[in-house]
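Results of the structural survey
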Amino acid sequence: MDTSSPSAFVNGALLGRLAGRKVRTVVQVIGSEIGSVVGKTTDDVQIFVRGSSPAPLTTYVEVIGIAESDNSIRAETWTNFGNTFDPQNFNELCKLANGEFKHLFM
Amino acid sequence: MASQTTKQAPDFASSFKNRDVRTLLPLTLKQLNSVSTNGESNFSIDGVDINTVAIVGRVARMENRITQVHFVVDDGTDCIEYNCWCHECQETEVGAVRLGMYVRLHGHLKSFQGKRSVNVFSVRPVIDFNEFVHHFTECIYVHMYNTKSWAPNAVFNYANPSANPYQTGPSNQFPNQFNDPMYGVKQEVMNYLNQPMHL
């Protein structure tokens, strides 16, 4: 995978608009099984993140990968973002980065 | 963008030469790669001269070479490359950087023979990932501050905040909500950044 290509900041509502494209989001881990993680986006949308996740996972995890549908991502990069991450701030950033200030990011 | 790190911050007096304004600008790498230039080392963005830049991104690649370590940092908007001499890496905070780690970089934007690079003089691992979100929010805020009509002549001076603390023109210190079509957006951003958690 081209790790240098831009990845759009997305929440649950934005994920469906970017199907097939490289995205990045932060999810709160709800559950995990072999090959996938169930997480809640910063706007409370439940999504499935497919791929080999690191162990152990913290409460919040950033995933970078390809948006497969409006509720699933095929992740290539996982980063534990800890247990004290503020999802509201990230959610607002997603709106700004895909709206009026998109030209600063993409 | 290849560059070298230095063990200590460079001599600012010689680096800035005749420049009177020292700026520290948080930028996305997409912004960094789109800055305008009017000379070998005169860069500007949003009407503000660029001296020192702050970047937050993920170490996407790290190659140990004979005498130096080559880094590629990706913040999701673009990539930047820089080199660190091996002896400097071991003696400075750069030695703590690992592949896949999120880091904050500070450096000077330079140009040599038409090729841009960043002389990185500070690399620090990100510990609290709220800093990752804060950096991009700050990029947006500074961009807004430097481009919108409510700060027509302001120069955001992180290096010397007492000199220009969010100043606007003397006759129009506050935005005019009746004539300013962007008033609502500006107020929304200000309200968000003025929340106690961000102060």
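If you're wondering where the values come from, they're calculated on a predicted model, not measured in any experiment. Numbers given to residues run from 1 along each chain, matching the order in which its sequence is written. All chains are assigned letters beginning at A, and all ligands numbers beginning at 1, according to the order in which they are written. Local features in a predicted model are, by the rule used here, given only for residues with pLDDT of at least 70; side-chain atom pairs are given and counted only at 80 or more, and totals for whole chains, interfaces and linings are based on all residues. The side-chain figures draw on all heavy atoms in the structure; neither hydrogens nor water molecules are used.

**Concerning the overall build of chain A**
What counts is decided by this rule: For the purposes of this entry, the term helix denotes a DSSP run of H or I that reaches at least four residues, the term strand denotes a run of E that reaches at least two, and both are numbered from the N terminus. Think of it in three bands: with a 1.4 Å probe and only protein chains considered, a residue is buried below 20% of the maximum accessible area for its type, exposed above 50%, and partly exposed in between. It only takes one pair of heavy atoms within 4.5 Å for two residues to be counted as in contact. All tallies of charge rest on Lys and Arg as positive and Asp and Glu as negative; His and the ends of each chain are not included. Charge coordinates come from a single atom per side chain, which is NZ of Lys, CZ of Arg, CG of Asp or CD of Glu.
In terms of regular secondary structure, chain A is built from two helices and six strands. Across chain A, helices and strands are ordered from the amino to the carboxyl terminus as β-α-β-β-β-β-β-α. If one aligns the C-alpha atoms of chain A with their principal axes, the spans along those axes are about 35 × 30 × 20 Å. Residue burial in chain A is summarised as follows: out of 106 residues, 48% are buried. Of the contacts formed within chain A by residues at least 6 apart in sequence, a portion of 52% connects residues at least 24 apart. For chain A, the distance from the average position of its 9 positive side-chain charges to the average position of its 11 negative side-chain charges is 5 Å.

**Side note on the pattern of salt bridges**
Side-chain pairs of opposite charge can arise whenever the charged atoms involved come near each other. All names here are of chain A. Convention followed: By definition, a salt bridge exists where a carboxyl oxygen of Asp or Glu is found within 4 Å of a side-chain nitrogen of Lys or Arg.
Per the counting criterion, the structure on display carries nine salt bridges over all chains. Where E68 meets R50, a salt bridge forms, and the shortest distance between an N and an O atom there is 2.4 Å. Linking E68 in strand β5 (residues 60-69) with R50 in strand β4 (residues 46-50), this pair joins segments that are 18 residues apart in sequence. Owing to a relative accessible area of 28%, E68 belongs among the partly exposed residues under this scheme. Residue classification places R50 among the partly exposed positions, given a relative accessible area of 40%.

**Quick look at the state of the cysteines**
Our working rule: To count as a disulfide, a pair of cysteine sulfur atoms needs to be within 2.5 Å.
Evaluation of the coordinates by the stated rule reveals zero disulfides over all chains. We note that C94 of chain A lacks a disulfide partner, and the nearest cysteine sulfur, in C139 of chain B, lies 15 Å from it. Residue class for C94 of chain A comes out buried when judged on its relative accessible area of 0%. Under the relative-accessibility criterion, C139 of chain B is labelled buried at 1%.

**Things to note about the packing of helix α4 (residues 130-147) of chain B against helix α5 (residues 183-193) of chain B**
Residue and element names in this part refer to chain B. Counted only if it meets this: To get an axis, fit a line to the C-alpha atoms, keeping to the stretch in contact for a helix; angles then go from 0 to 180 degrees between the N-to-C directions. Every angle not falling under 35 degrees, over 145, or within 65 to 115 is termed oblique; those three ranges are roughly parallel, roughly antiparallel and roughly perpendicular. For any helix crossing, the convention is left-handed if the near helix is rotated counterclockwise from the far helix by under a right angle, and right-handed if that rotation is clockwise. Residue type decides the class: Asp, Glu, Lys and Arg count as charged, Ala, Val, Leu, Ile, Met, Phe, Trp, Tyr, Cys and Pro as nonpolar, and the leftover types, Gly among them, as polar.
Orientation of α4 relative to α5, taken along the N-to-C sense of each, is 140 degrees, at an axis distance of 11 Å. By the angle class used here, α4 and α5 are oblique. In this structure, α4 crosses over α5, and the sense of that crossing is left-handed. Contact residues: T137, Y141 and M144 in α4; K186, V189, M190, Y192 and L193 in α5. Among the residues making up the contact of α4 with α5, the classes are represented as six nonpolar, one polar and one charged.

**Concerning α5 of chain B**
Where we set the bar: In this context, the arc is that of the directions from the helix axis out to the C-beta atoms.
All buried positions along α5 of chain B are accounted for by K186, V189, Y192 and L193 of chain B. With its buried residues spanning 130 degrees around the axis, α5 of chain B presents them on a single face. For α5 of chain B, the elements touching its buried residues are α2 (87-97) of chain A together with α4 of chain B.

**A closer look at the interface of chain B and chain A**
We apply this condition: Buried area counts how much accessible surface, traced with a 1.4 Å probe, disappears from two parts once they are put together, with both parts' losses summed. Here a polar contact means two N or O atoms within 3.5 Å. Within protein one must be a hydrogen donor candidate and the other an acceptor candidate, and residues neighboring in sequence count only if both atoms are side-chain atoms.
Every contact between the two is made by 27 residues of chain B and, on the other side, 27 residues of chain A. Here chain B meets chain A over a buried area of about 2,400 Å², counting both sides, of which 62% is carbon and sulfur. Counting across the interface, chain B meets chain A through one salt bridge. The partner of K148 of chain B in a salt bridge is E100 of chain A, with the nearest N and O atoms 3.6 Å apart. Between the two partners, chain B and chain A, sit nine residue pairs in polar contact (both at pLDDT 80 or more). Of all the elements in the fold, those that place two or more residues in the side of chain B that touches chain A are α2 (29-32), β5 (52-64), α4 and α5 of chain B.

**Concerning the side chain of R24 of chain A**
Locating R24 of chain A in the fold gives a position in strand β2 (residues 22-33). A relative accessible area of 2% means that R24 of chain A is categorised as buried. A distance of 2.8 Å separates the side chain of R24 of chain A from the side chain of Y102 of chain B, its partner in a polar contact. With near-sequence residues (within four places) excluded, R24 of chain A lies in contact with S7, A8, F9, V10, E62, V63, I64 and F90 of chain A together with D75, G76, Y102 and F132 of chain B.

**Quick notes on the sheet that holds strand β2 (residues 36-37) of chain B**
Residues and elements named next belong to chain B. The following threshold applies: Pairing between two strands requires that DSSP report at least two bridges joining them.
The sheet built from three strands is open, its strands ordered β2-β3-β4 with antiparallel pairing. Each edge of the open sheet carries a strand with a single partner, namely β2 and β4 (48-50). Sheet topology places strand β3 (residues 43-45) next to β4; three bridges connect them, and they run antiparallel. Bridge assignment links F43 to a residue of β4, and that residue is I50.

**Some details on the nonpolar core**
For clarity, the threshold we go by: Definition used in this section: a nonpolar core is a set of buried Ala, Val, Leu, Ile, Met, Phe, Trp, Tyr and Cys residues joined via side-chain atoms within 4.5 Å.
Counting residues in hydrophobic clusters, the biggest one holds 43 residues, and the most contacted among them are F9, F81, F85 and F105 of chain A together with F132 of chain B. Among the elements that line this core, the one with the most residues is α4 of chain B, at seven residues. Setting aside residues up to four positions removed in sequence, F9 of chain A forms contacts with L14, R24, F90, L93, C94, A97, N98 and F105 of chain A together with F132 and F136 of chain B. Ranked by size, the runner-up nonpolar core spans 26 residues in total, among them F43, V48, F71 and V73 of chain B.

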